[in-house]
Structure formats: structure tokens, C-alpha cells
Amino acid sequence: MTSAPSGSLTDRYIQAVLTGLPARQRPEIERELRASIADAVEDRAGSGEPAADAEAAVLTGLGDPARLAAGYADGPRHLIGPALYSGYTRLLTALLVTAVPAVAVAVAGARAVQGATLSGVLGEALGAALTTGVHIALWTTVLFAVIERAAAPGRGARRERPWTPAALPDPPSRRLRYGELTSVTVATVLLCALILLSPMLTTERTPGGDPIGPLSPWLWETGVVYVFVALVVADLGYAFAKYHARWSVPLAVAGTVADVAPPVTLIWLVANGKALNPAFVQAAGWSPDVPRWVGIGLVVISVITVLNAVVGGIARARNR
Amino acid sequence: MLEDELLATHLQELRRGTVVLACLLILRKPDYGYALLDQLDRRGFAVDANTLYPLLRRLEKQGLLSSDWNTEESRPRKFYRTSDKGAALAEALSRDWESLTTAFGHLKGEQP
């Protein structure tokens, strides 16, 4: 379409712009950009400039194709925007400085109890710390990137109710809630890490030297452990939703269900004797009473959690 | 003296909205991208091509410009024209520009 002899330079430029754009925008932008470049080249060539120089000058004037593509793009051109950035860095820092050393210490302690060598203990602890750190960084980033994109259309909806100073949260309570959110996140990450690592982080071994996990192997065979971890993580998701979004009936119902699901699952597991590993109890030489008390303890904690979730949900509904 | 970079940043901030107003006023008579760029330049509105072309698409998406492909000539070109909504916006922006000019005039008139 271009009349310039070295049309390939323009073609390559346009290609570079289009790569940065969603497919549905491409045909029209290509057509228009091609015409605009050809017009500009023609104009320069008309005043006596050699066509190749004119083309190069026009493309230089248009600048980096990536920046031009960014100008055309509709969606956010950043992963985490200014509105969420400070929350992101605060949460990431809090998680990294708490969970990483905690996992390292837990792994080191478990290995030391199992009688590993010093270098073995240090190596495993460092490896576990690194893995935990990478996971925390990745998933926190993914979570905030998702919030960034999910919140974008919602911003318009939130504006429907005009803002008044009365909507200001009390600074201490918001800070308190932020602290609460951070500690809930840290606790969730630690709990999930402990559950998933428990088959390795055990103090007991078979005579053959294989580790005996404290939790029932049935959980892994059936995949129930992953369901449980998913429920706990979903609950954390609702904690974030509650923090970032206004109170609404669907959110409150979903949040209460998310709060109640993990403890109810736990009660069911304990009641059916699926929580503890009988082999572990035997290897540790516990009396039959110990698992019973552990079970009762877990059920009591679960019931308290359920009551707390229901009472808290009702209180939030009243105070909204 | 002002550092060049600082000046450039603030000039860009100050001019950002003026290009929109200039486009809406010029495009009361339909025109295509490159010709508009040329016109803006001749009339004293410095704007880069890589700013103008995405801007035209955004204004079209906001319903301030309407467009038509002219395929009668050898090179098909997309012609933009200010819509009724765009004309109304241009009216409002012009009024604002004038009241700002007056306000600045008063400011500079008050010698400290």
C-alpha cells in the first residue's frame, strides 16, 4: 500500500505497533496508521527529500512502537496501580519478613530433630525459605494484579453513591483492620504451608526411614487436603474482598459461607476419624486418649470459629 | 534557569487539554490524521504524531468525534468530524479557557 521503495521498514514498524495491541483493534489501526505514515512520507518526499530518508525520518518522529501501542491500548498498562501499590508493598513485606523466617526455622527445627547434619539443616532451611519467598511474591503479585483488573469496572459503580466525609473510615480502626488482614494472611500462609509440608516435616519415621506424616494419608489419597487448603485460601480471598469492597448482602453471605466452610469441613474430618494419621499416633507412642483430646480440641476451635463468623456477620450487617 | 526536562514536563501538562479543544474546533470541518497534524502544527499547536493518532481514537470512542473511511481516492483515509456531543464539549472547554485567561489576566494585573 505504501509507495515508498523501502516499504519493509514501515511494515516492520507497523508490525511492531500491532504486536502490542489486542487483535480486535489491529485491522483498523493498521489501515489508518499505514495511510498516515504514507501521507507523511509523501509530504516530505514532495519537498525533495529522498524517499528512504523521508520514511526513516517519519518513523523516527513516531518514536518507539511500544509507546505508540501503549497510547492506543484501553486497559491498564501496569500490573499494580498507584491505588493498590502501597497496600501491595506493605502486605508483601509483612509476609516476607514473617513467613519466610518462620518456615526456615520450622524446617530447620524439624530436620534437626530428625538428626540431620548441620549443612543438611541449613541447606534445607535455605531452600524452603527461598521457595516460600518466591511463592509469596508470586501469589501476592497475582492477587493484587487481579484486584487491579477486577476493581477497574467497579470504580464506576462505586461512584454511584457520592462520597461524603461521613464515609471516611476511622483511622485507627482501618489500621487495625489492615493489621488484622495482614495477620490473617500470614496465619493462612503458615497454616497452608504446615499442612502441605506436614508429611515431610514430621518427627516420626518408619523403621525404613520414610517419614510418617501426622495427618491422615487418606487426605492426600482422596485430594481432600487440597480441597481444605483451597477453602482456607478462598476464605482469605473473602477477607480481602471485605476489606476492599463495601458491605453488600451477596458479599456478606459469601463471606460467612467462606468463613464457615473450613471449620465445618474440619469437624466432619475429625468426626470421621480422617484427621490424624493412626500410624503417626502409634509411632509417637501416644495413648489412645491423646488423639481423642486432639479431636475434641479441633472441634471446639472449629465451633468457636463458626460462632464467631456468624455473630460477626450479623454485627457487620447491623453496623453497615 | 529552568531545567529543560522540568520545563518539558510542565509544558506537556499544561498543553494536554488544549490539543483536544483544538482538534474539536478544527474537525468541525472533516479531516484525516496527517492533514490534521499538519494543520495543528501550522496553527501553533505543537503535538506529536504519536500523541495525536491515539488521541483521535479515544475521542471517537468517547463519541466526541465521528469517522468515515473515504475510499474515493487512491489511498483510503479515515476522516474525523466533530460530533454534536464534541461540539458541545468544545463550547464548554472554550468558555473555560476564556475564563482562565481572564483569571490569569487579573492575577498578573495585581502587582505585588
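Residues numbered from 1 in each chain as written. Chains lettered and ligands numbered in written order. Predicted model: local features only at pLDDT ≥ 70, side-chain atom pairs only at ≥ 80, totals over all residues.

### Some points on the overall build of chain B
Counting its secondary structure elements, chain B contains four helices and three strands. Put simply, 46% of the contacts in chain B that link residues at least 6 apart link residues at least 24 apart. (Helix = DSSP H or I, 4+ residues; strand = E, 2+ residues; numbered from the N terminus. Contact = placed C-beta atoms within 7 Å.)

### As for the overall build of chain A
Each helix and strand counted, chain A has 12 helices and two strands in total. Start at the N end of chain A and walk to the C end: the helices and strands fall as α-α-α-α-α-α-α-β-β-α-α-α-α-α. Relative to its 320 residues, chain A shows a buried fraction of 21%. A fraction of 70% describes how many contacts in chain A between residues 6 or more apart in sequence connect residues 24 or more apart. (Buried ≥ 20, exposed ≤ 12 C-beta atoms within 10 Å, placed from the backbone.)

### What to know about helix α4 (residues 84-109) of chain B
Along its 26 residues, α4(B) runs 37 Å from first to last C-alpha, staying within 8% of the 38 Å computed at 1.5 Å per residue. Here α4(B) lies mainly on the outside; two of its 26 residues are buried. (Expected span 1.5 Å × (residues − 1).)

### Thoughts on the interface of chain B and chain A
Facing the 12 residues of chain B at the interface are 15 residues of chain A. Broken down by secondary-structure element, the contributors of at least two residues to the side of chain B that touches chain A are α2 (33-42), α3 (49-61) and β3 (77-82) of chain B. Counting residues per element, the side of chain B that touches chain A draws most heavily on α3(B), at six residues. Tallied by class, residues from the side of chain B that touches chain A come to five nonpolar, three polar and four charged. (Nonpolar A, V, L, I, M, F, W, Y, C, P; charged D, E, K, R; others polar.)

### Looking at the UniProt feature "transmembrane region" (unreviewed entry) in chain A
All names here are of chain A. The positions UniProt marks with the feature "transmembrane region" (unreviewed entry) are residues 91-113, 125-147, 178-198, 218-240, 247-270 and 290-315. Helix makes up 100% of residues 91-113 and strand 0%. Its end C-alpha atoms lie 32 Å apart. Helix makes up 95% of residues 178-198 and strand 0%. Its end C-alpha atoms lie 30 Å apart. (UniProt positions renumbered as here; feature names shortened; annotations may be inferred.)

### Thoughts on the sheet that holds strand β2 (residues 65-70) of chain B
All names here are of chain B. Across the sheet, three strands lie side by side as β1-β3-β2; this open sheet has antiparallel pairing. The open sheet has two edge strands with one neighbour each: β1 (31-32) and β2. In terms of strand pairing, β2 meets β3 through six bridges, oriented antiparallel. Looking at the pairing, Asp68 lines up with Phe79 of β3. (Pairing = 2+ DSSP bridges.)

### Notes on the packing of helix α2 (residues 26-46) of chain A against helix α3 (residues 51-62) of chain A
Residues and elements named next belong to chain A. One way to put it is that α2 packs onto α3 with a least axis distance of 9 Å and a crossing angle of 130°. On the basis of their axis angle, the class for α2 and α3 is oblique. Helix-helix and strand crossings are classified by hand; for α2 and α3 the assignment is right-handed. In contact with Ile37, Ala40, Val41, Arg44 and Ala45 of α2, α3 contributes Ala51, Ala54, Glu55, Ala57 and Val58. (Axes fitted to C-alpha atoms, helices over the stretch in contact; angles between N-to-C directions. Parallel < 35°, antiparallel > 145°, perpendicular 65-115°, else oblique. Left-handed = near helix turned anticlockwise from the far one by under 90°.)

### Regarding the confidence of the model for chain A
Residue and element names in this part refer to chain A. On average, chain A scores 81 in pLDDT, and the residues at 70 or more come to 90%. Across residues 1-6, where pLDDT falls below 50, the model places 16 contacts with residues more than four positions away in sequence or in other chains. Contacts from residues 154-159, a stretch scored under 50 in pLDDT, to residues over four places away or in other chains number zero contacts. (pLDDT = per-residue confidence, 0-100.)

### Considering helix α4 (residues 65-72) of chain A
Burial in α4(A) covers these residues: Pro65(A), Leu68(A), Ala69(A) and Tyr72(A). For α4(A), the angular spread of the buried residues around the axis is 100°, confining them to a single face. (Arc of directions from axis to C-beta.)

### Topic: the environment of Pro54(B)
Along the chain, Pro54(B) turns up in helix α3. Pro54(B) gets classed as partly exposed once you count the C-beta atoms within 10 Å, which come to 18. Setting aside residues no more than four positions away along its own chain, Pro54(B) makes contact with Gly71(A) and Tyr72(A).

### What to know about the nonpolar core
Grouped together as the largest cluster of nonpolar side chains are 30 residues, with contacts concentrated most on Ile37(A), Val41(A), Val58(A), Cys23(B), Leu27(B) and Leu65(B). Counting only elements with at least two residues in this core, the list comes to α1 (7-19), α2, α3 and α4 of chain A together with α1 (4-26), α2 and α3 of chain B. Considering each element in turn, this core owes the most residues, six residues, to α2(A). With sequence-adjacent residues up to four places away left out, Leu65(B) is seen in contact with Leu27(B), Leu56(B), Leu59(B), Glu60(B), Tyr80(B), Arg81(B), Thr82(B), Ser83(B) and Gly86(B). Counting residues in hydrophobic clusters, the runner-up holds 15 residues, among them Leu91(A), Ala129(A), Ile136(A) and Leu201(A). (Core = buried A, V, L, I, M, F, W, Y, C linked by C-beta atoms within 7 Å.)

### Considering the confidence of the model for chain B
Residues and elements named next belong to chain B. Considering every residue of chain B, the mean pLDDT works out to 91; 97% of them sit at 70 or more. Averaged pLDDT values for the elements of chain B fall to 90 in α1 and rise to 94 in β3. Interface confidence for the predicted complex, given as ipTM, is 0.84, next to a pTM of 0.54.

### Remarks on the pairing of β3(B)
Residue and element names in this part refer to chain B. Both β1 and β3 contribute to a ladder of two bridges, which runs antiparallel. Within the sheet, the bridge partner assigned to Asp31 lies in β3 and is Tyr80. Connecting β2 to the antiparallel partner β3 that follows it, the hairpin turn spans six residues.

### Quick word on the environment of Leu93(B)
For Leu93(B), the position within the fold is in helix α4. Separated by 72 residues in the primary sequence, Leu93(B) and Leu21(B) have C-alpha atoms spaced 6.7 Å apart.

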